[in-house]
Amino acid sequence: MTEESVKGWSADDLEEPDRDIDPEDDSGAVVAVVGRQIRLWRESAGLRAGELGAAIGYGENQVYKVEAGKRIPKPGFLDKADEVLGAGGKIAALKKDVAEARYPKKVRDLAKLESEAVELGAYDNHNMNGLLQTEDYARALYGMRRPSFAPDQVERYVAARMARQEIFVRQPLTMLTFVQEEVTIRRPLGGKAVARRQLERLLEIGQLRNVEIQVMPTDREDHAGMGGQLQLLKFDDGTAVGHWEGQLSSRLISDPKEIRIVELRYGILRAQALTPRESLAFIEKVLGES
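Residues numbered from 1 in each chain as written. Predicted model: local features only at pLDDT ≥ 70, side-chain atom pairs only at ≥ 80, totals over all residues. Heavy atoms only, no water.

Visitor: Explain the sheet that holds strand β6 (residues 230-235) to me, please; I cannot follow it from the model alone.
Guide: Pairing between the strands of a sheet is mediated by backbone hydrogen bonds and can be parallel or antiparallel. What the 6 strands build is an open sheet, ordered β5-β4-β3-β6-β7-β8; its pairing is mixed. With partners counted over all chains shown, the strands left at the sheet margins are β5 (211-216) and β8 (250-253), one partner each. Each strand of the sheet is rotated relative to its neighbour by a mean of 15°, with strand direction disregarded. Both strand β3 (residues 117-124) and β6 contribute to a ladder of 6 bridges, which runs antiparallel. When the sheet's bridge partners are listed, E119 is paired in β6 with K234. (Pairing = 2+ DSSP bridges. Helix = DSSP H or I, 4+ residues; strand = E, 2+ residues; numbered from the N terminus. Axes fitted to C-alpha atoms, helices over the stretch in contact; angles between N-to-C directions.)

And the structure:
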């Protein structure tokens, strides 16, 4: 994968249905401010909500909901409203704030930590790490959730996951290491075509200068990862946090004693796994067999 091909993954480019704001999500304050700005520009332009909606391809009720801070607008809404209302880019400039508000709070919190990290290491044992996933693979995973997600929920989570992948090219580059269980390489989640593209993606990402992918073979008799998947983020000031995600909850680890345990386990995992060069060769072999 070239750096140019990854640069296209931005939250603003990921279209999804407009969604209502979750009253328990603190992103509501941002959306409320954006809505007020749009209403002020509309009133200044002498347009009714229905007229603005007709001009930008939205219903009157949708415009009212956006202005009331009850619905998060997608980027296209803001671009068109900016043009119709003659805002000179002031409405369109709100896309970044709105894009962040579109994603679940726990995803935004993790993405913020990832954006500040100088090193990120992750061990995954059931499926590909979210940062490595293709869009189709991620969509297949969310589609398997039980109880089932609604279609718009699936797209919302997929968009958030894809947006996080800007970490691959963000400057200064973050050092990224991944340890993936062999089963995650061989398991054809989403079907053979999706699985093949996922393996191709691994080979592409594995060529980036700041990325190392390692495979943990199933036949290992000694394994430091029996406690489950983990993620370790290190920051420029020397601090670190761990991230653990279970069936129904996730947890951030910041206690220094616990961080030392996570660092120890992850270091041993990397030593027990195939080297990055051996791992890419292994992935090529599995791809050839699929």
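From this point on, the discussion continues.
Visitor: Is there a simple way to think about helix α4 (residues 60-67) in this case?
Guide: Residue pairs spaced three or four apart in an α-helix point in one direction, given the helix's 3.6 residues per turn. Those residues of α4 that fall on the buried side of the exposure criterion are V63, V66 and E67. Viewed along the axis of α4, the buried residues span an arc of 95°, placing them on a single side of the element. In this fold, the buried residues of α4 make contact with α2 (28-44), α3 (49-56), β2 (71-72) and α5 (75-85). Taken from the residues just after α4, G69 is the one with a positive phi, measuring 75°. (Buried < 20%, exposed > 50% of the residue type's maximum accessible area, 1.4 Å probe, protein only. Arc of directions from axis to C-beta. Contact = heavy atoms within 4.5 Å.)

Visitor: Sorry if this is basic, but what is going on with the packing of α3 against α4 here?
Guide: Two numbers describe a pair of packed helices, the interaxial angle and the distance between the axes. Packing of α3 against α4 brings their axes to within 8 Å, and their N-to-C directions diverge by 110°. In terms of orientation, α3 and α4 fall into the roughly perpendicular class. Across the interface between the two elements, A49, G50, L52 and G53 of α3 pack against E60, V63, Y64 and E67 of α4. Broken down by class, the residue content of the contact of α3 with α4 amounts to 4 nonpolar, 2 polar and 2 charged. (Parallel < 35°, antiparallel > 145°, perpendicular 65-115°, else oblique. Nonpolar A, V, L, I, M, F, W, Y, C, P; charged D, E, K, R; others polar.)

The values reported here are purely geometric and, on their own, carry no functional implication.
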